[in-house]
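Chain residues, written in single-letter form:
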Amino acid sequence: VREAGGDHIVSLSNATHKAINRKSIIEKRLLLALNQQNLKVFYQPQVDIHTGKVLAVEALVRWEDEEIGVVSPDELIPIAEETGLINNIGSFVIEEACQQAANWHKEGLDIKVTINLSVREFRDKNMAKFILSTLDKTNCPANLIQIEFTEKFALQAEAETSIIKQMRKLNDKGIVFILDDFGTGYASFRYMQLLPIEVLKIDQTFIHSLLQSEKTQRLIHGMVQFGKSMNLTVLAEGVETKEQQQLLAEYGCDAIQGYLISKPVPGAAISELIEESMNI
Ligand code: C2E
Ligand code: CA
Ligand code: CA
Ligand code: CA
């Protein structure tokens with residue numbers, strides 16, 4: 001119901017004003033940062049749960065602005081999605097990730113690099129083409145690139161054949177797809193049949209409560225068994241303790257990612273980490 005004279009605008013709370021203000025500041029500064037190439041990509045290892053061998057690294061965007069300081073991806077990505085700047089972030093991360101994988105490849109280190117792509121980014125009909133041309137431009141072998149997408153994304157993809165076609169095209173070239181945040185979306189298993197998923201990544205909220213209850217343990221054990229029965233590689237994220245690693249290994253989980261192994265770090269630190277682990 002509208003009040004006379006548009007009084008409702010005046011009644012916007014102080015907090016709402018602040019939020020709108022911060023959003024528009026972030027938007028402005030982000031545009032500048034993209035133009036000045038002030039964004040960075042950090043990498044977090046995904047390792048074999050038994051041997052600790054690095055199987056891949058996840059590319060995670062990082063931004064520290066000289067005026068507003070560090071803006072976390074959890075704040076940045078939703079705003080970028082709203083404003084459309086997510087496409088610019090995506091292009092930047094894809095180029096960085098391919099370049100980094102190609103550089104490691106030249107040094108004789110075949111480290112797979114995983115890129116996060118949001119729904120909105122994959123709606124772009126040129127996404128597959130852009131990724132393939134970036135591989136070409138950077139001389140990066142396709143099998144060194146993986147793509148993480150979320151359950152929510154998968155559900156929408158079910159209705160969007162152009163997205164499915166793009167994913168299959170990339171998969172045919174050797175790009176692996178990882179279902180991220182598994183267990184947090186709506187329970188629909190149809191996309192398991194439709195999409196070229198090869199890795200199941202159990203969401204960190206489950207892992208964090210792993211040791212708290214037997215119920216959670218049975219739940220996670222079931223998720224791992226489900227993944228294995230589908231012939232998928234099962235990866236757990238947010239692993240912070242040895243106890244979590246041990247239980248996950250007992251359940252048959254293949255790989256882990258989390259602070260127990262390493263925080264996300266610059267690319268150079270990854271090379272060191274891997275060279276160290278090869279000397280052991
Ligand atoms: P995500 O894809 O689920 O990434 C995992 C997040 O958990 C990362 O946060 C990572 O730093 C954090 N993490 C890793 N291990 C641990 C751990 O052991 N304990 C805890 N507490 N946290 C851990 P980050 O980098 O802040 O990213 C947050 C989210 O932002 C990501 O969640 C992803 O959805 C999104 N994001 C990050 N980079 C990109 C990007 O380049 N493109 C897109 N579309 N989204 C991105
Ligand atoms: Ca991810
Ligand atoms: Ca995740
Ligand atoms: Ca997440």
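Above this text sits the structure in question.
Predicted model, so just to flag it, every value in this text is computed and none were measured.

**Here's the deal with the site of ligand 1**
Then, number 1: Inspection of the region around ligand 1 gives 23 residues, with Gln-44, Arg-62, Gln-204, Glu-240 and Tyr-259 positioned closest.
Then, number 2: Side-chain polar atom of Asp-180 to an oxygen atom of ligand 1: 3.1 Å apart, as the coordinates give it.
Then, number 3: In the model, an oxygen atom of ligand 1 is placed 3.5 Å from a nitrogen or oxygen of the Asp-181 side chain.
Then, number 4: If ligand 1 stood free it would expose 800 Å²; the protein chains cover 84% of that surface.
Then, number 5: At the level of elements, β2 (54-62), α3 (73-83), β7 (176-182) and α10 (204-208) are the ones that each hand at least two residues to the shell around ligand 1.
Then, number 6: Considering only residue class, the shell around ligand 1 consists of eight nonpolar, seven polar and eight charged.

**A closer look at the pairing of strand β9 (residues 233-237)**
Then, number 1: Of all five residues making up β9, four are buried, and the element is well covered by its neighbours.
Then, number 2: With four bridges joining them, strand β8 (residues 197-202) and β9 adopt parallel strand pairing. Paired with Lys-201 across the bridge in β9 is Leu-235.
Then, number 3: Note that β9 and strand β10 (residues 255-257) share three bridges and pair parallel. Considered in β10, the bridge of Leu-235 is made with Ala-255.

**Focus: the coordination of the calcium ion (ligand 2)**
Then, number 1: Within the first shell, the calcium ion (ligand 2) binds the protein through Glu-58 (OE), Asn-116 (OD1), Glu-148 (OE) and Asp-180 (OD), at distances of 2.1 to 2.3 Å.
Then, number 2: Written as a sequence motif, the donor residues of the calcium ion (ligand 2) are E-x57-N-x31-E-x31-D.

**Things to note about the pattern of salt bridges**
Then, number 1: Scanning the model with the defined rule gives 10 salt bridges in all.
Then, number 2: Of the charged contacts in the structure, one is a salt bridge between Glu-82 and Lys-23, with a shortest N-O distance of 3.0 Å. Residue Glu-82 is located in helix α3, and its partner Lys-23 is located in helix α2 (residues 14-35); the two are separated by 59 residues in the primary sequence.
Then, number 3: Residue Glu-67 pairs with Arg-29 through a salt bridge whose shortest N-O separation is 3.4 Å.

**Notes on the packing of aromatic side chains**
Then, number 1: Applying the stated rule across the entire model yields four aromatic pairs.
Then, number 2: Aromatic pair Phe-149 and Phe-177: ring centres 6.0 Å apart, planes at 70 degrees, arrangement edge-to-face. Remark: Phe-177 occurs in strand β7 and Phe-149 occurs in strand β6 (residues 145-150); sequence separation between them is 28 residues.
Then, number 3: When its relative accessible area of 1% is taken as the criterion, Phe-149 is described as buried.
Then, number 4: Classification of Phe-177 by relative accessible area gives buried; the value is 0%.
Then, number 5: The ring centre of Tyr-259 lies 4.8 Å from the NZ or CZ of Lys-263, which sits over that ring.

Scoring rules and cut-offs
- Residues numbered from 1 in each chain as written.
- Chains lettered and ligands numbered in written order.
- Predicted model: local features only at pLDDT ≥ 70, side-chain atom pairs only at ≥ 80, totals over all residues.
- Heavy atoms only, no water.
- Near = heavy atom within 4 Å.
- Polar contact = N/O pair within 3.5 Å; in protein donor to acceptor, adjacent residues only side chain to side chain.
- Areas by Shrake-Rupley, 256 points an atom, 1.4 Å probe, with all protein chains shown as cover.
- Helix = DSSP H or I, 4+ residues; strand = E, 2+ residues; numbered from the N terminus.
- Nonpolar A, V, L, I, M, F, W, Y, C, P; charged D, E, K, R; others polar.
- Buried < 20%, exposed > 50% of the residue type's maximum accessible area, 1.4 Å probe, protein only.
- Pairing = 2+ DSSP bridges.
- Donors = N, O, S within 2.8 Å, 3.2 Å for Na, K, Ca; no water.
- Salt bridge = Lys/Arg side-chain N within 4 Å of Asp/Glu carboxyl O.
- Phe/Tyr/Trp six-rings, centres within 6.5 Å; stacked < 30°, edge-to-face > 60°.
- Lys NZ or Arg CZ within 6 Å of the ring centre and 35° of its normal.

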